[in-house]
Amino acid sequence: MTRILIAEDDPLIASFLERGLRAQGWTTTHVAGGEQAEHFGLSSDFDLLILDIGLAGRSGLDVLRHLRSKGSRLPVLVLTGRYLAHDVVTCLDAGADDYLIKPFRFEELLARARARLRGPGREASYLLAAGQITLDLRSRRATVRDSTVELTSREFTLLEILVRHPDHVLSREQLLSQAWGYSFDPSTNIVNVYISALRKKLGEGVIETVRGFGYRLRVADPG
């Protein structure tokens, strides 16, 4: 699952980014301060940092320099509210991978984020496999027994979670939190609906129901 860290102190922009990135099936974590950005940025839990250079307190530029001084290779896409050539040069020299000037079109941010995510040395991280299932995280393609299976964005995200935890039982609450990014009414049957859709496309026996606990992806061919 692609994990994006957003360091942005404007709540409206942060909310806009989170909604758009989650719609792509990505997981987002938002922080508003520079110290939090440094802490999470050094955790190795993220694939990309979207960093507002004008953070209150510890600036985004200081955050960027600190990450690079600690040897972090986390791709960083900088957001800046103005265009001055020397500001851009300073950010790039400090270790930024790319930058965008506010206001920006979300489509451009998304394209730049994808470009950073498929940077050199990251190709292998785009393939996930468990049993007969292989997922290409870049193209969002699923292959089952060498045949391509067409999945919706949410189906793919849900399957990715299961593939990352083969033979582990995941509760409905865990799947809701990871696939949708927030909690639903406990009475919702949305997980059941998507699991049923996945079973129809993947074949019976691939995803097991463990009554009273949740769901498990079988790594052995149920054939």
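Residues numbered from 1 in each chain as written. Predicted model: local features only at pLDDT ≥ 70, side-chain atom pairs only at ≥ 80, totals over all residues. Heavy atoms only, no water.

In the nomenclature of an unreviewed UniProt entry, the protein chain is known as DNA-binding response regulator of Asanoa siamensis.

### Some details on helix α6 (residues 153–164)
The cut-off we apply is this: Per the convention used, a helix needs a DSSP run of H or I reaching at least four residues, while a strand needs a run of E reaching at least two, with both numbered from the N terminus. One fewer than the residue count of a helix, multiplied by 1.5 Å, yields its expected span. When accessible area is computed with a 1.4 Å probe and restricted to protein chains, residues below 20% of their type maximum are described as buried, those above 50% as exposed, and intermediate ones as partly exposed.
With 12 residues, α6 ought to run about 16 Å at 1.5 Å a step, and its terminal C-alpha atoms sit 17 Å apart, in line with that. Buried residues dominate α6, accounting for 9 of its 12 residues. Those residues of α6 that sit buried are Glu155, Phe156, Thr157, Leu158, Leu159, Glu160, Ile161, Leu162 and Val163.

### A word on unusual backbone geometry
In this structure, the amide linkage connecting Lys102 to the following residue, Pro103, adopts the cis form with an omega of -10°. Counting through the fold element by element, Pro103 comes out in the loop between β5 (98–101) and α5 (106–117). Residues other than glycine seldom take positive phi values, yet Asp167 does so here, at roughly 65°. The residue Asp167 is located in the loop between α6 and α7 (172–180) in this model. For Asp167, a relative accessible area of 42% corresponds to the partly exposed category.

### A closer look at the sheet that holds strand β7 (residues 133–136)
Operational definition: Pairing between strands requires that DSSP locate at least two bridges from one strand to the other. Every axis in this analysis is a line fitted to C-alpha atoms, fitted for helices over the stretch in contact. Angles between the N-to-C directions lie between 0 and 180 degrees. Any two residues having at least one pair of non-hydrogen atoms within 4.5 Å are treated as being in contact.
With antiparallel pairing, the 4 strands of this open sheet are ordered in space as β6-β7-β8-β9. This sheet does not close on itself; its edge strands, each paired only once, are β6 (127–130) and β9 (147–149). Geometrically, the sheet is characterised by an average inter-axis angle of 25° between neighbouring strands, direction not taken into account. As paired strands, β6 and β7 are joined by 4 bridges and run antiparallel to one another. Pairing of Ala130 across the sheet is with Ile133, part of β7. Of the strands in this sheet, β6, β7 and β8 (141–144) are in contact with α6, which crosses β7 at around 120°.

### Quick notes on the pairing of strand β11 (residues 214–217)
Across 4 bridges, strand β10 (residues 207–210) lies against β11 in antiparallel orientation. Within β11, the position partnered with Val210 by the bridge is Gly214. As consecutive antiparallel partners, β10 and β11 are separated by 3 residues, and within that stretch Gly212 has a phi angle of approximately 85°, a positive value.

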